[in-house]
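Coordinate analysis (summary)
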Amino acid sequence: MGAERLLVLCLVLGAVAAAAGQRRRPSTVAMGALFTYDSVIGRAARLAIELAVDDVNADKAVLAGTKLNLITQDTNCSGFLGTIEALQLMEKEVVAVIGPQSSGIGHVISHVVNELHVPLLSFAATDPTLSASEYPYFLRGTISDYFQMHAVASIVDYYQWKEVTAIFVDDDYGRGGVSALGDALAAKRARISYKAAIPPNSNTDVINDVLFRVNMMESRVLVVHVNPDAGMRIFSIANKLRMMASGYVWIVTDWLAAVLDSSGSGDFKDMSYIQGLIVLRHHTPDSDAKKKFISKWNNVARNRSIGSALNSYGFYAYDSVWIAARAIDQLLDSGQQINFSADPRLNDSNGSTLRLSTLKIFDGGEQLLQQLLLTNITGLTGRVQFDSDRNLVRPAYDILNIGGSGSRLIGYWSNYSGLSVVAPEILYQKPPDTSMSAQRLYSVVWPGDTTTKPRGWVFPNNGQPLRVGVPNKPSFKELVSGGNGSDNVSGYSIDIFNAAIKLLPYPVPCQFITIGDGLKNPSYDDIISRISTNSLDAVVGDFAIVRNRTKIAEFTQPYIEAGLVIVAPVRQATSSAWAFLKPFTLEMWCVTGALFIFVGVVVWILEHRTNEEFRGSPRRQVLTIFWFSFSTMFFAHSKSRCITY
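We now turn to the structure provided with this report. On a predicted model such as this, the values are computed, not experimentally measured, just so you know. (Residues numbered from 1 in each chain as written. Predicted model: local features only at pLDDT ≥ 70, side-chain atom pairs only at ≥ 80, totals over all residues. Heavy atoms only, no water.)

**Describing the overall build of the chain**
Along the chain, the regular secondary structure elements total 19 helices and 22 strands. A total of 645 residues make up the chain; the buried ones form 45% of that total. Considering only intrachain contacts with a sequence separation of at least 6, the fraction spanning at least 24 residues in the chain is 68%. Entry remark: accessible area of the chain is about 34100 Å², with carbon and sulfur atoms responsible for 55%. (Helix = DSSP H or I, 4+ residues; strand = E, 2+ residues; numbered from the N terminus. Buried < 20%, exposed > 50% of the residue type's maximum accessible area, 1.4 Å probe, protein only. Contact = heavy atoms within 4.5 Å. Areas by Shrake-Rupley, 256 points an atom, 1.4 Å probe, with all protein chains shown as cover.)

**What to know about the nonpolar core**
With 147 residues, the main nonpolar core has Phe123, Phe235, Trp250, Leu256 and Leu277 as its most contacted residues. Examining the composition of this core, we find that 14 residues originate from one element, helix 12 (residues 312-333), more than from any other. (Core = buried A, V, L, I, M, F, W, Y, C linked by side-chain atoms within 4.5 Å.)

**Some words on the environment of Gly231**
With respect to the element layout, Gly231 can be found in the loop between strand 8 (221-225) and helix 8 (232-240). Residue Gly231 is classed as buried on the basis of its relative accessible area, which comes to 0%. Linking Gly231 and Trp255, residues 24 residues apart in sequence, is a C-alpha distance of 8.2 Å.

**Focus on the pairing of strand 1 (residues 28-35)**
In terms of burial, strand 1 is largely enclosed, as seven of its eight residues are buried. The pairing of strand 1 with strand 2 (residues 67-74) spans eight bridges and is parallel. When the sheet's bridge partners are listed, Phe35 is paired in strand 2 with Asp74. Note that the unit made of strand 1, helix 2 (residues 40-58) and strand 2 has a crossover that is right-handed. (Pairing = 2+ DSSP bridges. Right-handed = clockwise from strand over helix to strand, strands pointing away.)

**Some points on the sheet that holds strand 6 (residues 163-169)**
The strand order across the open sheet built from eight strands is 7-6-8-9-10-15-16-17, with neighbouring strands paired in mixed fashion. What marks the edges here is a single partner per strand, and that holds for strand 7 (191-198) and strand 17 (418-420). With direction set aside, neighbouring strand axes in the sheet form an average angle of 25°. In terms of strand pairing, strand 10 (residues 278-282) meets strand 15 (residues 396-403) through five bridges, oriented antiparallel. Along strand 15, the bridge assignment pairs Leu280 with Ile399. Contacts from helix 5 (residues 145-158) reach strand 6, strand 8, strand 9 (249-252), strand 10, strand 15, strand 16 (406-414) and strand 17 within the one sheet, and its direction differs from that of strand 10 by about 145°. (Axes fitted to C-alpha atoms, helices over the stretch in contact; angles between N-to-C directions.)

**Describing empty space enclosed by the protein**
Scanning the entire structure with this criterion turns up one cavity of 30 Å³ or more. Its boundaries defined by the atoms lining it, the largest cavity holds a volume of some 30 Å³. Every residue lining the largest cavity is listed: Met90, Glu93, Val94, Leu116, Val118, Phe340 and Lys360. When the residues that make up the lining of the largest cavity are grouped by side-chain class, the tally is five nonpolar, no polar and two charged. (1 Å grid on protein atoms, 1.4 Å probe; cavity = no way out; pocket = protein on both sides within 12 Å on 5 of 7 lines; lining within 4 Å. Points joined across faces, edges and corners; volume = space filled by probe spheres on them. Nonpolar A, V, L, I, M, F, W, Y, C, P; charged D, E, K, R; others polar.)

**Observations regarding the packing of aromatic side chains**
Tallying each qualifying case throughout the model produces 18 aromatic pairs. When the centroid spacing of 4.6 Å and the interplanar angle of 50° are considered together, the rings of Phe293 and Tyr318 count as tilted. In this pair, Phe293 sits in helix 11 (residues 288-303) while Tyr318 sits in helix 12, placing the two residues 25 residues apart along the sequence. Owing to a relative accessible area of 4%, Phe293 belongs among the buried residues under this scheme. Each residue in the set Tyr158, Tyr159, Trp161 and Trp446 is aromatic and connected to the rest through ring pairs, giving one cluster. (Phe/Tyr/Trp six-rings, centres within 6.5 Å; stacked < 30°, edge-to-face > 60°.)

**What to know about the pattern of salt bridges**
Enumeration over the complete set of coordinates arrives at 15 salt bridges. Across the salt bridge formed by Asp38 and Arg43, the nearest N and O atoms sit 2.6 Å from each other. With relative accessibility at 60%, the residue Asp38 sits in the exposed group. Across the salt bridge formed by Arg467 and Asp537, the nearest N and O atoms sit 3.0 Å from each other. Of the two residues, Arg467 sits in strand 18 (residues 466-471) while Asp537 sits in the loop between helix 16 (524-532) and strand 22 (538-539), which places them 70 residues apart along the sequence. Residue class for Arg467 comes out partly exposed when judged on its relative accessible area of 25%. Asp537 gets classed as partly exposed once you look at its relative accessible area, which sits at 33%. Put simply, Arg25, Asp329 and Asp333 are held in one network by salt bridges that share partners. (Salt bridge = Lys/Arg side-chain N within 4 Å of Asp/Glu carboxyl O.)

**As for helix 4 (residues 103-116)**
One turn of an α-helix holds 3.6 residues; hence residues three or four places apart share an orientation. Look at helix 4: 20 Å from first C-alpha to last across 14 residues, which is about the 20 Å you get at 1.5 Å a residue. The sharpest bend along helix 4 comes to roughly 30°, located at Ile109. Judged by how many residues are buried, helix 4 sits mostly within the fold: ten of 14 residues are covered. Turning to helix 4, its buried residues number three or more, namely Ser103, Ile105, Gly106, His107, Ile109, Ser110, Val112, Val113, Asn114 and Leu116. (Expected span 1.5 Å × (residues − 1). Bend = angle between axes of the 7 residues up to and from the residue.)

**Side note on helix 5**
Between its terminal C-alpha atoms helix 5 stretches 20 Å, which fits the 20 Å expected from 14 residues at 1.5 Å a residue. When helix 5 is considered as a whole, its buried residues turn out to be Asp145, Phe147, Gln148, Met149, Ala151, Val152, Ala153, Ser154, Ile155, Val156 and Asp157. Once helix 5 ends, the next one or two residues include Gln160, with phi positive near 65°.

Structure follows, in structure tokens:
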């Protein structure tokens, strides 16, 4: 009986404690949202945030007994107004802020939330320089442009281009993204050859001037990283400048995908300007929850007569609300109270009317931030979890090719396996493979309605032509002949040079510069020395490769053999029985015969006294001398009986 009473007592005390805990929970918790209402991203995010708050308040498992109160402020696409709106939001004692939408405003507001200990969870500020080390209370609920620029660099490397031109908006968002792009390309042994900055809120004339300068450059691989609300004007102007034709490559970051998704059925007038573009879009895996949310968002938008459609930033805005709600729930479960205290460093002095004293420090801000960093849920965008750098894990992008009245999926990029035609969520189940052989994309229809991969660059229109020196001389005009003017050069060497230029995968304009008066041969050493003094870029002609010249210039491989040869007249040869006499002249044969007879006489003198074969009548002895002399031409007299010493 004693044990049973003790158990009942423990249960009663537990219930009382739980009830007390429930009583300690506030009835409402204020959460702020900061974005531009009338914008491509803002229109999708506003409704998504409102739906997320409704779903959180309707879910009994989250914030039980506590209602999430949403307070929104419109930044009006202005850094100054956005800062003012953020300060007004902080006056209302919000425990967390969803936003801001702009990276520029994010830089400013991050200083405010660092002071007031209010976590800032942005669904659209992608600038990589918004780092956790500088802004500890800033948390990015979307994918950083650091990963997007690595995706762009992977595409550039996949098609083996080495230089790109970056077209970007000249603000924190644009500069931060292009800086990350430069680092990503450098890792692929590529680079940004030209940076074309477009000032914010530029008119058509300014954009036209920027694109005109871009068109003068050699790179035809153009990476566009601008704001979605004004970005479409770039392609309209580029089309007028004939920059949407064959030979150009346009790689566009995710802002264009947000514009196209928000346009619903699409603006066919604008679509005609962007045929053949490669566009990146946040990859969000398909799920039942995602399909249900899209249907719900579309129904509410239709009832409210919202003209735009949903884009990927709406998914991240929805998930951001749930991330904050679950973190607040964990904070309240730990017994933490929602309290604010005055900041002793914020005082209204000297009659100031800024009312800085109304800005309070959130006492539980540090604990709420830690709960946010421990997030590990599955949202509309997939797995939601932060790594050690406070970036979302498993960043991935869809790669689209614009064509006709819509877009076609040609592959994916993820930091797990690079480029692939297989969805990232499938590859996550396999070992990572980022080798070149594993990188793959489907075929692309490029600008100009061609499937042939553009070479990516041309000789710049504002570049200097190649200065080629040609000797003007009176001799050996078949090899090189220079006349008056750069177009009046000819010869075998000139033909070889022009054929080599045509083999290059890009056009190289050349200017031939004749050297000499044509009456006497110019000094070849002086012509070659002009390369070292930068008066000429190259020389073409019958230049011999000698040691002193190789010290000041590089030579091509010889294209004419200059070895030693023997020149002899060709005569018709006749054959006869006396052909054996031809190796020697008549005089040589007479001398040879005399020598043989002389040898025979010497042998006769030495042998006739002792050798019977050299005796007899004078006629026989003369015949023996001649026989012995001429027999030495055909026989070897080796017998001792013939010759003795």
